[in-house]
Each structure stands twice: as C-alpha cells, then as structure tokens.
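What follows is each chain in one-letter form.
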Amino acid sequence: MRPAWCLVLLFCAACLDNAGPEDFPAQEIRVLSAPEGPRFPTDTLDSVVAVQVMDERGNPSPGRPVAWSATHGGLLLAASDVTDAHGVARAVWILGVVPGTQTATATVTSSDLSISIPVETAGWRVAAVSASRGNHACAIDLAGETYCWSGSLSATPVRIESTARFRALATGQRHTCGLTETGRVYCWGSNDAGQLGDGTTLDRSVPAGPLLPDMAFRSVVAGDASTCALATTGVAWCWGGNRLGILGRGFASEFEATPAPVVGGPAWRAISISGWATCGIDFGRRVYCWGEDDQDGPAILSPTPVEDFQADTVALSDWAKCALSLATLYCWGSDSGIDSPRIMGPRMTSISAGYKPIFGLGADGFGYYWGAVPNSSYGWGDPPTRFEGDLRFRAVGGNDYAPLAIELETSTLYQWSGYQFDAVRRPLTPTPVRPPGS
C-alpha cells in the first residue's frame, strides 16, 4: 500500500499533465520569424511571419487564440486560429498599398498580449509623369533621370540616355519630348510623321537637339503624332502630323517635319493638341481652337475663338475638348455630343487627356476620369468618376491603358489596375509602380 504522501504527489502530477492554457496564463509573446529589408507595397512576403506564445513558467503555450491585423490595408492570412503544440502561430503577410512603414500585429486574445512587426516599403518616387496616348508613358524620378515604358502595366521603365536633364515631359502615341530647366526642347521616339521636329522621318531612341536652340520655351505638349512648344515670347511652334490643319499653318497636309509658328493667332499662355484639333488660350483668357470643327463643318485652318468662353488651361483628347475656368471644369466637342462648353463636375486644379479619356486632379486632392468609352459619348453627360481609395495626389494623368498619379505626401507613382474603358464604370484600385530594376 502506497503512503499518503505518494498519492498526493501522483494526484498533483496528474493535475499538471491535464492542465490547459487557462491554468497557466500567457505571459510573453515573441517574434520567431519576420521579413527583413525593404519591400514593395502590395507584395505577398515570401517569408512567413511567426510568433511564439509562452506561459508564466516560460514554456511554449499551445491552444492560444491569436488574432492578426495589418496597417495600410494589408492582409494577414493565418495558418490557424490558435497556437500549435510549440506555442507558435504563423501567417502570410500581403502588404498594403501605401509606402512607408507597414506593421503586422499578433494579439493573444485571451490575455491582450500583443507584438508588432514593422517592415519598410517603397514604391517609385517621381517628380513628373506624362502619359497621354496609347500605352506609352514616361517619368522623371527624384534624381532627375528620365524613364519611359510601353506595353502592359508590368513593363519595366527604361532609362533614357541623355546629357539633357528634363523638368517636364510630353508623350504622344509613340514619341516623347522633354523640356529642360533652361527651356530647351529635345524629342525622341517614332518620327514617321516628323513629330520629332528635326526635318526628317527617321526614328530616334535617344533625345537629340535641342530644337530651335536659340529659343527658350516654357512648355511642350504632344498629340498622336504632333508636337507643339510654347516659347517664352508667347509664340506657339508646332510640327508633325497636320491632318485638318492642326499645326495652325493655314493649310492641311499629311505632316510637316520642321517647327513653324502658329499663324493668325495672339500670344499664347497655354496650348493643347490632339490627333484632330488644337486649342490655345491667350493672355486675356480667351480660348481659340482650330482643326476639327465641332459642328462637323470644314476644317478650321487658323485659330478661331470659342464664343463667350474664357479659361485658364485646356486639354484635348481625340474625342473631346475640356478646359478649366477658375477651377470649374467645362467640356465640349463633336464626339462628346456637347456643342459648346458645358460645366461637367467637381472643381479641378489640373486636367490632362489621353486618346479617349480625360483625367483630372480635383480640388479635393482626389483623381478623376471621364469620357472614356470607345465609340460612344457615354460619360460626357455624367460627372467625372473618382478613383477608388483615399489617396490624395499632386499630379494626375494617364493614357488609354491606365491612369497614373503622383501621391501627395511621398511622391510615389501609382497606376490603376483593372482599368478598362467600357460602358461599365469600374472601380480603380491603386497600385504603386515598381522602381526600375526592382
């Protein structure tokens, strides 16, 4: 017969063997594995995030419920709802869209113990972006280097080799022109319609120039295969495709490969060109247009005022004309179904155009698009659609494949995936653009 003290010990051992998590409260949670080094927003991290829960005796604590959360719209996919036999909980981390420090947090719900795991994320930070036709886009990074890309949204930006340093860019269907800090214009890309302005139709992969080297310019704009640059004197010089007389030379032709001034107009403060028309604004805020006639009449071969309308800036797609007058948005044009300038929607601080869509930066800091439906005037009678999400921007643009915008706080370049121009208004989900070489 066993002594009584032995029975007590056996009883106590049995109690310990059958003890559950509630008998020994969780006292510590620690990180077992976490991502290292900078990452890209929206990445699914290749290393699993793991934490271990310990009880008051310093032993692994199994069966503890663990809740995961992440900042900036990130997502943590847990392997299970409770810790395993070793007290370990694991999750796969899908980062959110906002650059900067993102944090994953694991919380032991039965004890309020928690631990946070930070990771640094960065997108591509740029000073300027241009994308106006087709699937061609270019950007200037914060170091002053220029990159261009074409094709799908996943295309890698390619650095443009040049001794010139640009402060602004203009992109056409397949060509680009850059404006330097000293007001000089260089062009490169396709030159089948003389859109590079060098008097030839030879393509160029790198910038050459400057064009009109004795003249300083304050802006440059591009249409499908045409280009205009606005001199500091107020003279607008244009070259390239000249269907319907959009170069403002008083006649229509297939193309003109050498720059020449717009004739018969005033001094200009702003100008915009598309594949079918050109509009300019003089220093009295009067708006003039030439090229395609909004009333389906003969081509207008010299600058003609838009009656009873004044504006501060103008942007032309191939389907419509839009302008800002004291931050109020107006649109019109033969393919928009609107004969004369009509108020369209929220107040804007800037606008830019692609082949069909037009993009705007709202006075509220959000991005907008409208008039984007092929073979239809759908959308022109409706107010602009706001980009999805809460990000605010300092510049908004885009082409026929994707909106592009520069975020206000970090200068990160964003694009919108799943973007399609059809009769269904689709939500536009922002994604940071990967830095070149990443």
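Provided above is the structure to which this section pertains.
Since this is a predicted model, take the numbers as computed values, not measurements.

Draft legend 1. The arrangement of the environment of Trp416 in detail. Following the sequence through the fold, Trp416 ends up in strand E34 (residues 413–417). The exposure class of Trp416 is buried, given its relative accessible area of 0%. As for Trp416 and Leu404, which are separated by 12 residues in sequence, their C-alpha atoms are 7.0 Å apart.

Draft legend 2. Region of the structure containing the environment of Arg243. Mapped onto the fold, Arg243 is located in the loop between strand E18 (236–242) and strand E19 (253–261). The partly exposed category is assigned to Arg243, whose relative accessible area is 37%. Once you skip the residues sitting within four places of it in the chain, Arg243 turns out to touch Asp224, Ser253, Glu254, Gly275 and Trp276.

Draft legend 3. Inspection of the sheet that holds strand E7 (residues 113–121) at higher detail. Spatially, 3 strands are ordered E3-E6-E7 in an open sheet, and the strand pairing comes out antiparallel. Two strands close off the open sheet at either side, each with one partner strand: strand E3 (66–70) and E7. Taken over all neighbouring pairs, the strand axes of this sheet differ in orientation by 15° on average, direction set aside. For strand E6 (residues 100–108) and E7, the ladder comprises 9 bridges, and the chain directions are antiparallel. Bridge pairing links Thr103 to Pro118 in E7.

Draft legend 4. Examining the sheet that holds strand E13 (residues 175–180) more closely. Spatial ordering of the open sheet is given by E12-E13-E14-E15, a layout of 4 strands whose pairing is antiparallel. Two strands in the sheet have a free side with no partner beyond their single neighbour: strand E12 (166–171) and strand E15 (204–211). Within this sheet the neighbouring strands show an average axis-to-axis angle of 20°, counted without direction. Relative to E15, strand E14 (residues 185–189) is paired through 3 bridges, and the arrangement is antiparallel. When the sheet's bridge partners are listed, Gly189 is paired in E15 with Arg204.

Draft legend 5. Quick look at the pattern of salt bridges. Within this structure, the stated rule accounts for 15 salt bridges. Between Arg90 and Asp84 there is a salt bridge, and its shortest N-O distance comes to 3.1 Å. The exposure class of Arg90 is partly exposed, given its relative accessible area of 40%. A salt bridge links Asp390 to Arg386; the shortest N-O distance between them is 4.0 Å. By relative accessible area, which is 66% here, Asp390 ends up exposed. What you see here is one network of salt bridges that share partners, running through Glu145, Arg159, Glu161 and Arg165.

Draft legend 6. Spotlight on the state of the cysteines. In total, this model carries 5 disulfides according to the counting rule given. Across the disulfide, Cys138 is cross-linked to Cys148 (sulfur-sulfur distance 2.0 Å). Judged by the sign of its S-S torsion, about 105°, the cystine formed by Cys138 and Cys148 is right-handed. One end of the pair, Cys138, is in strand E9 (residues 136–141); the other, Cys148, is in strand E10 (residues 146–150), and 10 residues separate them in sequence. With relative accessibility at 8%, the residue Cys148 sits in the buried group. At a sulfur-sulfur separation of 2.0 Å, the disulfide partner of Cys177 is Cys187.

Here is what the cut-offs are and how they apply
- Residues numbered from 1 in each chain as written.
- Predicted model: local features only at pLDDT ≥ 70, side-chain atom pairs only at ≥ 80, totals over all residues.
- Heavy atoms only, no water.
- Helix = DSSP H or I, 4+ residues; strand = E, 2+ residues; numbered from the N terminus.
- Buried < 20%, exposed > 50% of the residue type's maximum accessible area, 1.4 Å probe, protein only.
- Contact = heavy atoms within 4.5 Å.
- Pairing = 2+ DSSP bridges.
- Axes fitted to C-alpha atoms, helices over the stretch in contact; angles between N-to-C directions.
- Salt bridge = Lys/Arg side-chain N within 4 Å of Asp/Glu carboxyl O.
- Disulfide = S-S within 2.5 Å.

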